[in-house]
Amino acid sequence: MKPTPSQRRRGPRVALLALVLCSLLVPLAFIFDRAPSVLPLPRTEPPKAVNESTQRTSEVSNARKRRGAKADEVENSKACQLEFGSYCIWSTEHKVIMKDSVVKRLKDQLFVARSYYPSIAKLQGQELLTQEMKQNIQDHERVLSASAVDADLPSFINKKIEQMEHTIARAKSCTVECHNVVRKLWQILDMTDDEAHFHMKQSAFLYNLGAQTLPKTHHCFSMRLTLEYFKSPSLDSDVSLARKFKTPNHRHYVIISKNVLAASVVINSTVISSKEPGNNVFHILTDVQNFYGMKYWFARNSYKKAAIHVVNYEEMILEKLPKFNPRELYLSEEFRVLIRSTERPTEQTRMEYLSLFSHSHFFIPEIFKDLKKVVILDDDVVIQRDLSFLWNLDMGDKVNGAVEFCGVRLGQVRNLLGKTKYDPKSCAWMSGVNVINLDKWRKHKVTENYLMLLKQVKNNDEVSLREAAFSLSLLSFQHLIYPLDKKLTLSGLGYDYGIDPEVARSSALLHYNGNMKPWLELGIPDYKKYWRRFLTREDRFMDECNVNP
């Protein structure tokens, strides 16, 4: 059973409550004259062997505590990722340690004063202390509302701190019922906890908004390219290259993208790493909004004689494949999967990140009817080695050459696959680089099977369709995956901060799957350099729109 947020946060509450109760016991003991008598004991030195044994025992105990704390931290991180996704990873890496000690002290004093105030207010003969405590609480709240850091605090703050300290000491010296203070502490903790969770939800929303929205500089860049296209219609050169686009003996790559610069980096890195760049043909499927800007960009930039074919996907589906739905262009879908054993609940959970085909991928054989084989590249990859060997693979009767991901098996996600029959031991797989045998695709009727599975999706709204891509991709290619070498692709550069730089430099293909794409400000700084290496520089439209990812 998934623990509720309040259950996950119970540990810190109890620890804080214990500390507060300890602070209450000392003054109460002196009030009732029950303070224990403590006599100094003669100090003796234990034998050396005992001392060393005690030290080793202490070290083992401390090591266990550290491991336990580390395990709790990992589990809390996974629980956070389940609710908020990769925002939890990003926020941990960008966590700001509070250096404003005075502000922190003010908050601590306010917390303690609020817990005592209701009990003090009920005591007979303590009207003056009640009024004083109320005034100090209001003063602290007023100061903290206007001051977030020490530098913003007024000059008289030290006097306010001393007054509050004196007031709290007087409150502690009064005889109060502990359970009233404890109840108020719980109330304050619950309120503070809910407020913290609310702010985390806000921050996660803004993070996801930043990850899913192109920066305004990129939007400016795309609009400028579109405007220039209509001012220069003679740049359209697809007619002279139409034969090459349909010739099967060339190496055809398909890229689905709405981002000019992302697609440009994929193509640039591929041709620079290729031994025969002139034999490469790139087909870019994009939407109507970015179609003309992309046409203009790739018409005025050369990529070592590689042919670039920009296709308006939405127009193609509407005109030539009107029976197919959905007609909107979808990029590769990315999912996070929490694996928890129901048979062995004590085992630690695992959070895995997968990228799979979207609905738009299933119409590629219908769009390129003259081709027999293509390599599909996501627009968040960087190629660092020659990929010509992919065209020599003998995949037998398989359709999709992909890197398998056996960290997730179909049996582990059975609750997402519906009633369709499947092999529970089959591994999931990753998009990023996929070798597609289009002839075998048509033979096995993969698109038809996908459309049949799509009819089982109850809701046709965008969210439901995108979520359905998980099960549709895995089920449509069941037993049709040809496993590529796992060393071919290094994934996780869009969410994992712990990748070894040497491994990244030596990998044939880098996949920035995750929310932290290299063209975004959220991108992981250490990995951006591999993407920027293939970015076109010194373009006047990039300069005018201040595009500098």
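Note that the structure is predicted; figures quoted are calculated from it, not measured. (Residues numbered from 1 in each chain as written. Predicted model: local features only at pLDDT ≥ 70, side-chain atom pairs only at ≥ 80, totals over all residues. Heavy atoms only, no water.)

Comments concerning the side chain of His283
Okay, step 1: With respect to the secondary-structure elements, His283 resides in strand 2 (residues 280-286).
Okay, step 2: At 2.8 Å, the side chain of His283 forms a polar contact with the side chain of His252.
Okay, step 3: Once residues within four sequence positions are removed from consideration, His283 is found in contact with Phe245, His252, Tyr253, Val254, Ile255, His309, Phe368 and Leu371. (Helix = DSSP H or I, 4+ residues; strand = E, 2+ residues; numbered from the N terminus. Polar contact = N/O pair within 3.5 Å; in protein donor to acceptor, adjacent residues only side chain to side chain. Contact = heavy atoms within 4.5 Å.)

Structural notes on the environment of Ser332
Okay, step 1: Its location among the elements puts Ser332 in the loop between helix 13 (313-320) and strand 4 (333-339).
Okay, step 2: Considered as a pair, Ser332 and Ser360 are 28 residues apart in the sequence and their alpha carbons are 8.5 Å apart.
Okay, step 3: With sequence-adjacent residues up to four places away left out, Ser332 is seen in contact with Leu356, Ser358, His361, Asp378 and Ser431.
Okay, step 4: Within the structure, Ser332 has its side chain in polar contact with the side chain of His361 (distance 3.5 Å).
Okay, step 5: At a separation of 2.7 Å, a polar atom in the side chain of Ser332 contacts the side chain of Asp378.

Examining the packing of helix 11 (residues 260-273) against helix 12 (residues 288-300)
Okay, step 1: Direction vectors running N to C along helix 11 and helix 12 enclose 35°, while the axes themselves pass 10 Å from each other. Note that helix 11 runs across helix 12; the crossing there is right-handed. Contact with helix 11, carried on its side by Val260, Ala263, Ser264 and Ile267, involves Met294, Trp297 and Phe298 of helix 12 and no other residues of that element.
Okay, step 2: Across the contact of helix 11 with helix 12, the residue classes break down as six nonpolar, one polar and no charged. (Axes fitted to C-alpha atoms, helices over the stretch in contact; angles between N-to-C directions. Left-handed = near helix turned anticlockwise from the far one by under 90°. Nonpolar A, V, L, I, M, F, W, Y, C, P; charged D, E, K, R; others polar.)

Concerning empty space enclosed by the protein
Okay, step 1: Here the structure, examined in full by the defined rule, presents three cavities of 30 Å³ or more.
Okay, step 2: Taken together, Leu214, His218, Phe221, Ser222, Lys258, Asn259, Val260, Leu261 and Asn290 make up the full set of residues lining the largest cavity.
Okay, step 3: At the level of secondary structure, the elements contributing two or more residues to the lining of the largest cavity comprise helix 9 (216-231) and helix 11.
Okay, step 4: With three residues, helix 9 is the single largest residue contributor to the lining of the largest cavity.
Okay, step 5: Approximately 40 Å³ is the volume attributed to the second largest cavity.
Okay, step 6: Its residues assigned to classes, the lining of the second largest cavity comprises three nonpolar, four polar and no charged. (1 Å grid on protein atoms, 1.4 Å probe; cavity = no way out; pocket = protein on both sides within 12 Å on 5 of 7 lines; lining within 4 Å. Points joined across faces, edges and corners; volume = space filled by probe spheres on them.)

Overview of helix 13
Okay, step 1: Within the sequence span of helix 13, burial applies to Tyr313, Met316 and Ile317. Looking straight down helix 13, one finds its buried side chains confined to an arc of 95°; they lie on one side. Opposite the buried face of helix 13, by more than 90 degrees, sit the exposed residues Leu318 and Glu319.
Okay, step 2: Structurally, helix 13 contributes buried residues whose contacts are with strand 2, strand 3 (307-312) and helix 14 (364-367). (Buried < 20%, exposed > 50% of the residue type's maximum accessible area, 1.4 Å probe, protein only. Arc of directions from axis to C-beta.)

Digging into unusual backbone geometry
Okay, step 1: Not every positive phi belongs to a glycine, and Lys445 is a case in point at roughly 55°.
Okay, step 2: As for its position among the elements, Lys445 is in the loop between helix 15 (438-443) and helix 16 (446-454).
Okay, step 3: Its identity as a non-glycine residue notwithstanding, Glu538 has a phi of 60°, on the positive side.
Okay, step 4: Here Glu538 is to be found in the loop between helix 19 (525-532) and helix 20 (540-544).

Let's talk about the environment of Phe363
Okay, step 1: With respect to the helices and strands, Phe363 occurs in the loop between strand 5 (350-356) and helix 14.
Okay, step 2: Between the alpha carbons of Phe363 and Asn325 there is a distance of 9.8 Å; along the sequence they are 38 residues apart.
Okay, step 3: Residue contacts for Phe363: discarding those within four places in its chain leaves Tyr313, Ile317, Phe324, Asn325, Pro326, Thr447, Tyr450 and Leu451.

Digging into the state of the cysteines
Each disulfide consists of a covalent bond between the sulfur atoms of two cysteine residues.
Okay, step 1: For the coordinates displayed, the defined rule picks out three disulfides.
Okay, step 2: The disulfide partner of Cys220 is Cys545, and the gap between their sulfur atoms is 2.0 Å. Taking the sign of the S-S torsion, about -65° here, the bridge from Cys220 to Cys545 comes out left-handed. Of the two residues, Cys220 is situated in helix 9 and Cys545 in the segment after helix 20; the sequence distance between them amounts to 325 residues.
Okay, step 3: Paired by a disulfide, Cys406 and Cys427 hold their sulfur atoms 1.9 Å apart. Where Cys406 bonds to Cys427 through sulfur, the torsion about that S-S bond is close to 95°, and the disulfide is right-handed. (Disulfide = S-S within 2.5 Å.)

Comments concerning the sheet that holds strand 7 (residues 381-383)
Okay, step 1: Strands sit in the order 7-12-11 across an open sheet of three strands; the sheet is mixed. A single partner strand is all that each edge strand has here, and the edge strands are strand 7 and strand 11 (489-490).
Okay, step 2: Pairing of strand 11 with strand 12 (residues 509-511) involves two bridges; the strand directions are parallel. The partner of Leu490 across the bridge, within strand 12, is Leu510. (Pairing = 2+ DSSP bridges.)

Section: the sheet that holds strand 2
Okay, step 1: An order of 3-2-1-6-9-8-10 is seen for the seven strands of this open sheet, with the pairing classed as mixed. Across the chains shown, the open sheet's two edge strands, defined by having one partner strand only, are strand 3 and strand 10 (481-483). Across the sheet, the mean angle from the axis of one strand to that of its neighbour is 35°, orientation sign disregarded.
Okay, step 2: When strand 2 meets strand 3, the two strands line up parallel, connected through six bridges.

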